[in-house]
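Commentary on secondary and tertiary structure
These are the residues of each chain, in order.
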Amino acid sequence: MYRTMLKGACTAGVIALSLSLAQAQEAPVKPFQPLADEGVTLALNYTGEAAGNVSGGLRRASAYTGQVYMGADFDMDRIAGIGGGTVHFAVTNRHGKSLSDIAIGNNTSIQEVWGTQNTHLAILTWEQKLLDGRLDIEAGRSQANIHFLNSPLYCNFQTNSACGNPTFVFKNSNFTYFPASSWMIHARANFTPQWFLHVGAYEVNPDRKQADDNGFSFSTRNATGVVVPWEAGYADDAGRTRMPGHYILGGWFDRGDYADPLRDANGGIAILTGRSPATLHGRSGLYFRFDQMLTRPDPRSKRGLALFGVAMANLSGRVEESHYLELGLLQTGTFKGRDADTLGFLINDQQFSDLAVERMRAARVAGGGDGHIHRHQYMMELAYGAQLNAAMRISPNIQYIVNPDQTGAPFRPRDIGNALVYGLKFTVDAPTLLGMLR
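A word on the pattern of salt bridges
The tally for this structure, following the rule as stated, stands at 18 salt bridges. Its salt-bridge partner being E358, residue R263 comes within 3.5 Å of it at the nearest N-O pair. In this pair, R263 is assigned in strand 9 (residues 245-264) and E358 in helix 7 (residues 354-366), connecting sequence segments 95 residues apart. Using a relative accessible area of 29% as the deciding quantity, one classes R263 as partly exposed. Salt bridges sharing partners connect three or more residues here, namely E127, K129 and D136.

Here it is, written out as structure tokens:
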């Protein structure tokens, strides 16, 4: 089981290579960037995520999924004399299977880099900074979730309930997600170094979510509207204070089509009638998120303990979930000499709406069950991130899911057992690795 869970050859190879190289050096490693003088910064990295449930779920199994990320940023000032302009380009290849799909049966994956399992154009945008950087505008092909409701703290974990974004927003809106790109524009105005307003508009097009879509079709045919995310608040990104933090109010207006979570077009319960869910239009939501450093022994170091949290609620529309709450802690710098290592724990609560509970109850009764449905699904993770060297990082983690919803087995007559999952996430950054080897 452990051999298949960790895909031994791949993971062992990464660890062996990492340990054969020097540990993270005191002097920063200069990534290998052969075109930097011409204004081109290259990106090439790999993320792998293995997971296996040792108890609970629908069955015992293991799964591995991975992502190759290839991209480049083009400094248009250096290339064409256009000050403040940058072209961003990225392609991904995702491969592998989701443990939630094959073994757990719930609606939120254990592995964050699962989804859009093909080679995909993820980013093609022009970013323009104006007013000495106080106004930043970006337009082209991209996703809402890499610009909004995002924090570098979240992806110290493997669970897709938090990384890359709190999962509630994808259950209750057409919030577009990486790497499935569509037409977009967003703008951020920084009124002071800390206070900002950020708003965007992203095409809602069901074609972009099809398994055979590769992102290279720029057509807007079949688009049903736009989703408009917004954020405003305080963000000490530069660490100007001794205890930096972020306090952000945000939300979204979804002006695209979506499927009713319960009824078909004739008013019946869609999961029982077999008819397609009714098509609805328009919904909205609100959230508050924060993170705050609690300890910071040395302002020149990233060592310290951070607390973070998210609260999200639906405002309008017929939706899958009524609220989402998350709280987490992340310690950066663990043992002596391990300043880049992290130790973190998070827990989140997904509360299902009355509509979703009614659908689940109807399916369970039809399957011979008693109709008792848990309204809350809790997902939690304990993760240690070890920086093996400047280019490579591994993060063993333990995840636990309480009351997995039955999306993957709706007619099951009894609860899916609480799932205990062992996972391993690793990343390799090629330019940094080549810089180490030069």
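From this point, things continue past the structure.
Focus on the nonpolar core
Of all hydrophobic cores here, the largest spans 23 residues; its most connected members are F157, V169, Y202, W252, Y287, F308 and M312. Broken down by secondary-structure element, the contributors of at least two residues to this core are helix 5 (168-171), strand 7 (195-204), strand 11 (304-316) and strand 12 (321-332). Among the elements that line this core, the one with the most residues is strand 11, at three residues. Membership of the second largest hydrophobic core comes to 14 residues, among which are V29, Y46, Y64 and M436.

Concerning helix 7
When the terminal C-alpha atoms of helix 7 are compared, their 18 Å separation across 13 residues agrees well with the 18 Å that a helix rising 1.5 Å per residue should span. In this structure, the buried side of helix 7 is in contact with strand 9, helix 6 (270-273) and strand 13 (342-352). Note on helix 7: the residue one or two positions beyond its end, G368, has a positive phi of about 95 degrees.

As for unusual backbone geometry
Residue G164 is bonded to the preceding C163 through a cis peptide linkage, with omega at 0 degrees. Along the polypeptide, G164 turns up in the loop between strand 5 (135-142) and helix 5. Phi is positive for D132, which is not a glycine, with a value near 55 degrees. The backbone phi angle of L149 is positive, close to 55 degrees, even though this residue is not glycine. You can see L149 is positioned in the loop between strand 5 and helix 5.

Structural notes on the pairing of strand 9
Sheet analysis places strand 8 (residues 225-235) next to strand 9, joined by 10 bridges and oriented antiparallel. By the bridge assignment for strand 9, W230 is matched with G251. Two elements, strand 9 and strand 10 (residues 277-295), share 14 bridges in a ladder whose sense is antiparallel. The residue of strand 10 that forms the bridge with D254 is R283.

Re a nonpolar patch on the surface
Side chains of L327, L343, F345, I347, L382 and I398 sit close together on the surface and give an oily, nonpolar patch of about 480 Å² of accessible area. For the nonpolar patch, the element with the most residues is strand 13, which contributes three residues. Topologically, L327 is positioned in strand 12. Taking the relative accessible area as the measure of exposure, L327 reaches 45% and is therefore partly exposed.

Let's talk about the state of the cysteines
One pass over the full model with this rule turns up one disulfide. A sulfur-sulfur distance of 1.9 Å marks the disulfide that ties C155 to C163. Taking the torsion about the sulfur-sulfur bond, which here is approximately 95 degrees, the covalent link between C155 and C163 counts as right-handed. Note on C163: relative accessible area 0%, which makes it buried.

Observations regarding the packing of aromatic side chains
For the coordinates displayed, the defined rule picks out 14 aromatic pairs. Arranged with centres 6.3 Å apart and planes meeting at 85 degrees, the rings of F148 and Y202 form a pair that is edge-to-face. Of this pair, F148 sits in the loop between strand 5 and helix 5 while Y202 sits in strand 7, and the two are 54 residues apart along the sequence. Overall, the relative accessible area of 0% leaves F148 in the buried class. The buried category is assigned to Y202, whose relative accessible area is 0%.

Analysis parameters
- Residues numbered from 1 in each chain as written.
- Predicted model: local features only at pLDDT ≥ 70, side-chain atom pairs only at ≥ 80, totals over all residues.
- Heavy atoms only, no water.
- Salt bridge = Lys/Arg side-chain N within 4 Å of Asp/Glu carboxyl O.
- Helix = DSSP H or I, 4+ residues; strand = E, 2+ residues; numbered from the N terminus.
- Buried < 20%, exposed > 50% of the residue type's maximum accessible area, 1.4 Å probe, protein only.
- Core = buried A, V, L, I, M, F, W, Y, C linked by side-chain atoms within 4.5 Å.
- Expected span 1.5 Å × (residues − 1).
- Contact = heavy atoms within 4.5 Å.
- Pairing = 2+ DSSP bridges.
- Patch = residues over 30% accessible without salt bridge, like charges linked within 9 Å, V, L, I, M, F, W, Y side chains within 5 Å.
- Areas by Shrake-Rupley, 256 points an atom, 1.4 Å probe, with all protein chains shown as cover.
- Disulfide = S-S within 2.5 Å.
- Phe/Tyr/Trp six-rings, centres within 6.5 Å; stacked < 30°, edge-to-face > 60°.

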